[in-house]
Amino acid sequence: MQNKVIVVKSSSLIDGITTSIQSNQAIVISDGRIVRVGHQEAISKEIPSNTEIIDLGDLCIIPGLIDGHTHLSLSGNGSNYVEMFSDSDEMMVLIGAMNLELHLSAGITTIREHGARNKVGFYLKEGLEHGYIAGPRTLVSGRPITCTGGHFHMCNETADGVDEIRKSVRRLVHEGADYIKIMASGGGTEGTIPGRASYSVEELHAAVHEAHHFHRLTAAHCRASESMVRAVEAGIDLMEHAEFLEPDGELRFDPKIAEMMAESGIWISPTLQAWTDYPRIVELRKKRDNDDISSEEIKDLEYQEQQIERRLDVMRRMLDYCLKDRIVPGTDSGVNNLAFGHLDYDLQLLVEVGFTPAEALISATRISAEAIGMGDEIGTIEPGKIADLVAVEGDPTSNVNAFSRVQAVFQAGKRVR
Ligand SMILES: [Zn+2]
């Protein structure tokens, strides 16, 4: 039997290989993969007359978006960690199913799930693979490895010292982890210190060594400057957060660390919307634009904007070290009030630190695909790749808000929105 062929066309397309817009393109898809991309006229001559053609009109087609940092099992509704972790595992699986749908309909076709309790992350992946639930292609870390009492210790993968860490990596790989996540500093979990490292270089290196042995990549949660240095020295593949946070709670950019990061070639996921209450900023700015804002809300907006500016300032200084093409956007959805469905917020913040909207798109597609080890399969619209496509309204090369106006989503050639 021949595979079903479909053609998707529209007036504009960004293939993600370059940042430029091409007009009147058509994509030929067979068995979920892209077989040809070309001008509509040329392609219409090549295909049989009964081929199904999906015409997306004047929408712009872009590659499916990738979110490098999510927590599927958490609701992102403003609850704190204690409240969120009082849910049962069963409830967390249901929350995960809800979150997967929210992300998929926002054009996010691939994610990394950065650590859930017990087997919740693995169950969600299994549910997706069986087709019981819909959602982005999900790479799971299972449970994050953390020290005794460390950030996310509630997930139940505590390990201290190189031997326990090696054992944790082996256990997670055995259970089905696609990559290894390790907490290299404290975080929002009560009793931890975000500005302090939580593992030695030796311990982090044990995780990297063991993970690479099983062909698994590593990602390390690093809010503290001290942990950033150790992650680079240990050979971690991807650094999460990279806030340059000091034990006193201040952000202090350190050029020596940025230099180390640039030289090492480490990937960096800055999770910009997670630093402050960015969804609140978006809400308040909307109110301000509609002239429907109270004086208290104006004060709140100014405060929130000052807070995020501290973070963006550090990010801008880091980018001076030629790190633009190492940046992997990540939402950190699930924690605090970061609801799923908003990678667009991170793209907006990347534009605020100096990316063009099209460069932000490349970060969330081609560069992210490479960083998570899927560069051969996804991230661009070109023959051989999986047909993950998103259609947005407007011109994403000139206006970053186009990424908030997703109108159609294709996952492996199948229209899911
Ligand atoms: Zn996180």
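In what follows, the structure referred to is the one given above.
Bear in mind the structure is a predicted one, so any value in this text is a computation, not a measurement. (Residues numbered from 1 in each chain as written. Predicted model: local features only at pLDDT ≥ 70, side-chain atom pairs only at ≥ 80, totals over all residues. Heavy atoms only, no water.)

Asks: Give me the sheet that holds strand E7 (residues 108-113): which residues, what numbers.
Replies: The sheet built from three strands is open, its strands ordered E6-E7-E8 with parallel pairing. Only two strands of the sheet have a single neighbouring strand rather than two, namely strand E6 (65-70) and strand E8 (137-140). Going from strand to strand, the sheet's axes swing by 15° on average, the running direction of each strand aside. The sheet contact formed by E6 and E7 spans four bridges and is parallel. Paired with Asp 67 across the bridge in E7 is Ile 111. Strand contacts of helix H12 (residues 357-371): E6 and E7, with the helix running at about 70° to E6, the strand carrying the most contacts. (Pairing = 2+ DSSP bridges. Helix = DSSP H or I, 4+ residues; strand = E, 2+ residues; numbered from the N terminus. Axes fitted to C-alpha atoms, helices over the stretch in contact; angles between N-to-C directions. Contact = heavy atoms within 4.5 Å.)

Asks: I'd like to hear about the side chain of Asp 332, residue by residue, with values.
Replies: For Asp 332, the location among the structural elements is in the loop between helix H10 (295-319) and helix H11 (343-352). Salt bridges are absent for the buried Asp 332, whose nearest opposite-charge side chain, Lys 181, sits at 6.5 Å. If sequence neighbours within four positions are ignored, Asp 332 has contacts with His 69, His 71, His 241, Thr 271, Ala 274 and Leu 338. (Buried < 20%, exposed > 50% of the residue type's maximum accessible area, 1.4 Å probe, protein only. Lys, Arg positive; Asp, Glu negative; His and termini not counted. Salt bridge = Lys/Arg side-chain N within 4 Å of Asp/Glu carboxyl O.)

Asks: Explain the side chain of Asp 344 residue by residue, including any values.
Replies: Tracing the backbone shows Asp 344 in helix H11. Comment: no salt bridge for buried Asp 344; closest opposite-charge side chain is Lys 286, at 8.3 Å. In contact with Asp 344, not counting residues within four places along its chain, are Phe 403 and Ser 404.

Asks: Give a detailed account of the environment of Thr 397, specifying residues and quantitative values.
Replies: Position of Thr 397 relative to the elements: it lies in the loop between strand E13 (389-392) and strand E14 (406-411). Spatially, the C-alpha atoms of Thr 397 and Glu 41 are 24 Å apart, while their sequence positions differ by 356 residues. The contact partners of Thr 397, leaving out residues within four places of it in the chain, are Ile 14, Thr 19, Ile 21, Pro 357 and Ala 358. Here Asp 395 takes part through its side chain, which lies 2.5 Å from a polar atom of the side chain of Thr 397. (Polar contact = N/O pair within 3.5 Å; in protein donor to acceptor, adjacent residues only side chain to side chain.)

Asks: Can you explain the sheet that holds strand E10 (residues 217-224)? Please cite residues and give values.
Replies: The sheet built from four strands is open, its strands ordered E9-E10-E11-E12 with parallel pairing. Where the open sheet ends on each side, the last strands, each with one partner, are strand E9 (179-183) and strand E12 (267-269). On average, each strand axis in the sheet is tilted by 30° relative to the strand beside it, whichever way the strands run. One ladder, built from three bridges, connects strand E11 (residues 238-245) with E12; its direction is parallel. If you follow Glu 240 over to E12, its bridge partner there is Ser 269. Contacts from helix H6 (residues 201-213) reach E9 and E10 within the one sheet, and its direction differs from that of E10 by about 160°. Against the sheet, helix H8 (residues 255-264) engages E11 and E12, with an angle of about 170° to E11.

Asks: Describe in detail the coordination of the zinc ion, supporting the description with residues and values.
Replies: Taken together, the protein ligands of the zinc ion are His 69 (NE2), His 71 (NE2) and Asp 332 (OD), with distances of 2.0 to 2.2 Å. With relative accessibility at 2%, the residue His 71 sits in the buried group. (Donors = N, O, S within 2.8 Å, 3.2 Å for Na, K, Ca; no water.)

Asks: An account of the pairing of E10 is needed here, citing residue identities and associated values.
Replies: Counting buried residues along E10, seven of its eight residues qualify, which places the element largely inside the surrounding structure. Bridge analysis of E9 against E10 gives five bridges, and the strand direction is parallel. By the bridge assignment, Tyr 179 is partnered in E10 with Leu 217. Since E9 and E10 lie parallel, the crossover through H6 that links them has a hand, and here it is right-handed. In this structure, E10 lies alongside E11, joined through five bridges in parallel fashion. When the sheet's bridge partners are listed, Ala 224 is paired in E11 with Leu 245. In terms of handedness, the path from E10 via helix H7 (residues 225-234) over to E11 forms a crossover that is right-handed. (Right-handed = clockwise from strand over helix to strand, strands pointing away.)

It is worth stressing that arrangement in space is one thing and function is another; only the former is reported here.
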